[in-house]
Amino acid sequence: MGSLSGTSSGSSLLRSSASEEDLQQLMDQRKRKRMISNRESARRSRMRKQKHLDDLTSQVAQLRRENNQIITGISVTTQQYLNVEGENSILRAQLAELSHRLESLNEIVSFLNAGNGYFGPEPFNSAESGDEFSSNSWNCVYLNQPIMASTDLLQY
């Protein structure tokens with residue numbers, strides 16, 4: 001009986017060790033699958049990360065180009081503003097000078113109309129005076145008109 005029980009215990013030992021080997025192989029196989037899966041997942045993660053980095057790099061380049069265009073536009077606009085501001089300063093100075101001249105000429109006309117007998121209600125008659133200053137080409141009607149500034153005077 002001893003041999004029968006030894007045999008049965010030996011075969012169960014064999015079965016036990018075979019099942020342990022199968023179990024070990026199964027665990028090793030699962031471990032390899034997990035490692036392969038983890039490697040593939042890590043590879044995909046690196047690819048996503050690289051694509052994200054490439055997208056960000058492209059976006060930085062695009063934003064830099066746009067920034068340079070904006071800076072150039074601001075520079076051009078600033079130069080145009082300075083040019084217009086300079087022109088406006090010149091025009092203001094010309095306006096002040098012409099306004100002063102107009103005021104002076106209007107004062108002269110007012111003085112001549114008010115205080116001088118030649119420029120009274122009747123036009124000046126050169127035939128009566130015989131004076132070179134009062135030749136026939138002098139038209140006194142224009143002296144009674146106020147002097148008006150024209151934009152034509154402001155052009156270069």
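Residues numbered from 1 in each chain as written. Predicted model: local features only at pLDDT ≥ 70, side-chain atom pairs only at ≥ 80, totals over all residues. Heavy atoms only, no water.

K.L.:
So what exactly am I meant to see when it comes to the overall build of the chain here?
P.N.:
Summing up its helical and strand segments, the chain has two helices and zero strands in all. Excluding contacts between residues fewer than 6 apart, the proportion of contacts in the chain whose partners are at least 24 apart in sequence is 63%. As presented, the chain carries roughly 13700 Å² of accessible surface, and 58% of it is formed by carbon and sulfur atoms. (Helix = DSSP H or I, 4+ residues; strand = E, 2+ residues; numbered from the N terminus. Contact = heavy atoms within 4.5 Å. Areas by Shrake-Rupley, 256 points an atom, 1.4 Å probe, with all protein chains shown as cover.)

K.L.:
Please clarify how the pattern of salt bridges should be interpreted in this entry.
P.N.:
As a working rule, side chains carrying opposite charge can pair if their charged atoms are close by. One pass over the full model with this rule turns up four salt bridges. The partner of Asp 55 in a salt bridge is Lys 51, with the nearest N and O atoms 3.1 Å apart. Taken together, the residues span about one helical turn, with Asp 55 and Lys 51 both in helix α1 (residues 2-115) at a distance of four residues. The exposure class of Asp 55 is partly exposed, given its relative accessible area of 40%. Judged by its relative accessible area of 52%, Lys 51 falls in the exposed class. Arg 101 serves as the salt-bridge partner of Glu 97, at 3.1 Å between the closest nitrogen and oxygen. Of the two residues, Glu 97 and Arg 101 are both situated in helix α1; the distance of four residues between them amounts to about one turn of the helix. Look at Arg 101 and you get partly exposed, because its relative accessible area is 49%. Connected via shared salt-bridge partners are Glu 40, Arg 43 and Arg 44. (Salt bridge = Lys/Arg side-chain N within 4 Å of Asp/Glu carboxyl O. Buried < 20%, exposed > 50% of the residue type's maximum accessible area, 1.4 Å probe, protein only.)

K.L.:
I would appreciate a short explanation of a positive patch on the surface in the present structure.
P.N.:
On the surface, a cluster of positive charge is contributed by Arg 30, Lys 31, Lys 33 and Arg 34. The topology assignment puts Arg 30 in helix α1. (Patch = residues over 30% accessible without salt bridge, like charges linked within 9 Å, V, L, I, M, F, W, Y side chains within 5 Å. Lys, Arg positive; Asp, Glu negative; His and termini not counted. Charge placed at Lys NZ, Arg CZ, Asp CG, Glu CD.)

K.L.:
What is the right way to read the confidence of the model for the chain from this model?
P.N.:
Caution applies to low-pLDDT parts of the model: their predicted coordinates are not meant to be read in detail. Per-chain confidence: the chain averages 79 in pLDDT, with 63% of residues scoring 70 or above. Across residues 122-129, where pLDDT falls below 50, the model places eight contacts with residues more than four positions away in sequence or in other chains. pLDDT under 50 marks residues 132-139. Its contacts with residues more than four places away, or in other chains, come to eight contacts. (pLDDT = per-residue confidence, 0-100.)

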